[in-house]
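Secondary and tertiary structure notes
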Amino acid sequence: MRRMLERAGLVALRRMDPERAHGLALLALRQGLGPRAPGGGPVTSARLASRLGPLTLANPVGIAAGFDKNGEAIREILAAGPGFLEVGAVTPLPQPGNPRPRLFRLPEDGAAINRFGFNNDGMEALAARLTAARAAGLRAPVGLNLGANKTSTDRAGDYETLIARLGGLADFLTINISSPNTERLRDLQGPAALDALLSRATAALQGLEAPPPLFLKIAPDLDEAALDAVADAALRHGLTGIIATNTTLARDGLQSAAAAEAGGLSGRPLLARSTDVLRGLAGRTAGRLTLVGVGGISTAEDAYAKIRAGASAVQLYTALAYHGLGLAAEIASDLDRLLKRDGFSTMGDAIGADLA
């Protein structure tokens, strides 16, 4: 019944401005009107139990950063059944982001374009919400996606500040330098800039009493040389892993009216490219980094393809706008059946199965 009501609500929300609809969806979650998995926690089984670096997951299906930027509905999202959640992106200071409209549906393509520009309430507001959520009890890991303020004169310093302030509240941290919507942010993916950034970030991490795992989120638009450099930097600086990938600037083959809007494209058109990047990273790193696959996932088959290409976990984002938050539990349950079908007794057995 809850799933039927969620789908009816989605039909109504799709008639609204996308950003307003998303805000109303978060409000409904906070009011207890969202989907709820059996037991009010992560869907799990002996096969689905998995690892995200040092973290234990009940299932490998997570919710990506961007769905709950400000940590407004952490416990309610986890009650819907995902194995983990990433909140943010958060910046040290609050900022409004880019002018509206800045989120566009591409229904014919199963996609979306956004140019938010790291709109968020800032690290102090997020710290307060995450502290309250933890005090009330969390059923799965919650990570934080870290960004730099648009007006910052020292963007690497912004990441240091965020790590120092929020690192003790997070199960994992993600350095996001791959959003296309903050001017020149992607320049930090260049070899010299990335090396300097990761040196400062890992130093800040070691200043914490219990440093959480650190991930790097990369763009799908990097060429082979750039991917080599990113993988090398992540290994040299001792990162836990890489999240592949963020949104793309490519617009190949789109059919929707909003296809020409500026910003990052996410959803189904990103599936093949993001999986190719993931597969390439798996080959480059040979199990020395934990890889998270994100981009275009809307079915268990999509998630399974990324796992077999080397992902230890996957994340959902755009498909939630079309199918609802209950999709996470559905994909986890269907993934369990796929693992059983192919004779895998554990998730770990399936990771990278297609790389040979």
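See the structure above.
Predicted, not measured: the structure shown is a model, and the values here were computed from it.

Observations regarding the overall build of the chain
Of the regular secondary structure elements, the chain holds 12 helices and 13 strands. Computed over C-alpha atoms, the radius of gyration of the chain comes to 19 Å, within 12% of the 21 Å expected from 2.2 N^0.38 for 356 residues, which places it in the range of a compact globule. Taken over the C-alpha atoms alone, the chain extends approximately 50 × 50 × 45 Å along its principal axes. Considering the chain as a whole, with its 356 residues, one finds that 58% of them fall into the buried category. Taking the intrachain contacts of the chain between residues at least 6 apart in sequence as the baseline, contacts between residues at least 24 apart amount to 73%. Element-wise, carbon and sulfur atoms account for 54% of the exposed surface of the chain, whose accessible area totals about 14,100 Å². Side-chain charges in the chain split into 38 positive and 35 negative, and the spacing between the mean points of these groups amounts to 5 Å.

As for the sheet that holds strand β5 (residues 103-106)
In spatial order, the strands read β5-β6-β11; together these three strands make up an open sheet with antiparallel pairing. Because the sheet does not close on itself, it has two edges, and the strands there are β5 and β11 (264-267). Across this sheet, the average inter-strand angle for adjacent strands is 25°, counted without regard to direction. As paired strands, β5 and strand β6 (residues 111-114) are joined by four bridges and run antiparallel to one another. If you follow Leu-103 over to β6, its bridge partner there is Asn-114.

Things to note about unusual backbone geometry
Looking along the chain, the bond that leaves Arg-100 and enters Pro-101 is cis, with omega of -5°. If you trace the backbone, Pro-101 turns up in the loop between β4 (84-90) and β5. Residue Thr-245 follows Ala-244 across a cis peptide bond; omega there is 15°. Locating Thr-245 in the fold gives a position in the loop between β10 (241-244) and β11. Positive phi, close to 55°, is recorded for Phe-118, a residue that is not glycine. Turning to its location among the elements, Phe-118 is positioned in the loop between β6 and α4 (123-136). On the basis of relative accessible area, Phe-118 is assigned to the buried category, the value being 6%. Non-glycine residue Ala-286 carries a positive phi angle of around 50°. Mapped onto the fold, Ala-286 is located in the loop between α8 (271-285) and β12 (290-294).

Looking at the packing of helix α9 (residues 300-308) against helix α11 (residues 327-341)
Packed helix pairs are characterised by how far apart their axes lie and by the angle those axes make with each other. Across the interface, α9 lies against α11 with an axial gap of 9 Å and an inter-helix angle of 60°. In terms of orientation, α9 and α11 fall into the oblique class. When the axes of α9 and α11 are compared, the crossing they make is right-handed. Contact residues: Ala-300, Glu-301, Ala-303, Tyr-304 and Ile-307 in α9; Ile-331, Asp-334, Leu-335, Leu-338, Leu-339 and Arg-341 in α11.

Focus on helix α5 (residues 155-166)
Side chains that are three or four residues apart share a direction in an α-helix, a result of its 3.6 residues per turn. Helix length check: α5 (12 residues) gives 16 Å between terminal C-alpha atoms against 16 Å at 1.5 Å per residue, within 8%. All buried positions along α5 are accounted for by Arg-155, Ala-156, Gly-157, Asp-158, Tyr-159, Leu-162, Ile-163 and Leu-166. Contacts made by the buried residues of α5 are with β4, α4, β7 (142-146), β8 (172-176) and α6 (191-206).

A look at the packing of aromatic side chains
Under the definition given, this model contains two aromatic pairs. Relative to Phe-172, the ring of Phe-84 lies with its centre 6.2 Å away and its plane at 65°, an arrangement referred to as edge-to-face. With Phe-84 in strand β4 and Phe-172 in strand β8, this pair connects stretches of sequence that are 88 residues apart. This pair shows no difference in class: Phe-84 is buried, exactly as Phe-172 is. Residues Phe-172 and Phe-215 carry aromatic rings whose centres are separated by 5.7 Å and whose planes lie at 75° to one another, so their mutual orientation is edge-to-face. Taken together, the positions of Phe-172 in strand β8 and Phe-215 in strand β9 (residues 214-218) put the pair 43 residues apart, joining distant regions of the chain. As far as burial versus exposure is concerned, Phe-172 and Phe-215 are alike and both buried. Taken together, the aromatic side chains of Phe-84, Phe-172 and Phe-215 make up a single cluster linked through ring pairs.

Conventions used here
- Residues numbered from 1 in each chain as written.
- Predicted model: local features only at pLDDT ≥ 70, side-chain atom pairs only at ≥ 80, totals over all residues.
- Heavy atoms only, no water.
- Helix = DSSP H or I, 4+ residues; strand = E, 2+ residues; numbered from the N terminus.
- Rg over C-alpha atoms; globule rule 2.2 N^0.38 Å.
- Buried < 20%, exposed > 50% of the residue type's maximum accessible area, 1.4 Å probe, protein only.
- Contact = heavy atoms within 4.5 Å.
- Areas by Shrake-Rupley, 256 points an atom, 1.4 Å probe, with all protein chains shown as cover.
- Lys, Arg positive; Asp, Glu negative; His and termini not counted.
- Charge placed at Lys NZ, Arg CZ, Asp CG, Glu CD.
- Pairing = 2+ DSSP bridges.
- Axes fitted to C-alpha atoms, helices over the stretch in contact; angles between N-to-C directions.
- Parallel < 35°, antiparallel > 145°, perpendicular 65-115°, else oblique.
- Left-handed = near helix turned anticlockwise from the far one by under 90°.
- Expected span 1.5 Å × (residues − 1).
- Phe/Tyr/Trp six-rings, centres within 6.5 Å; stacked < 30°, edge-to-face > 60°.

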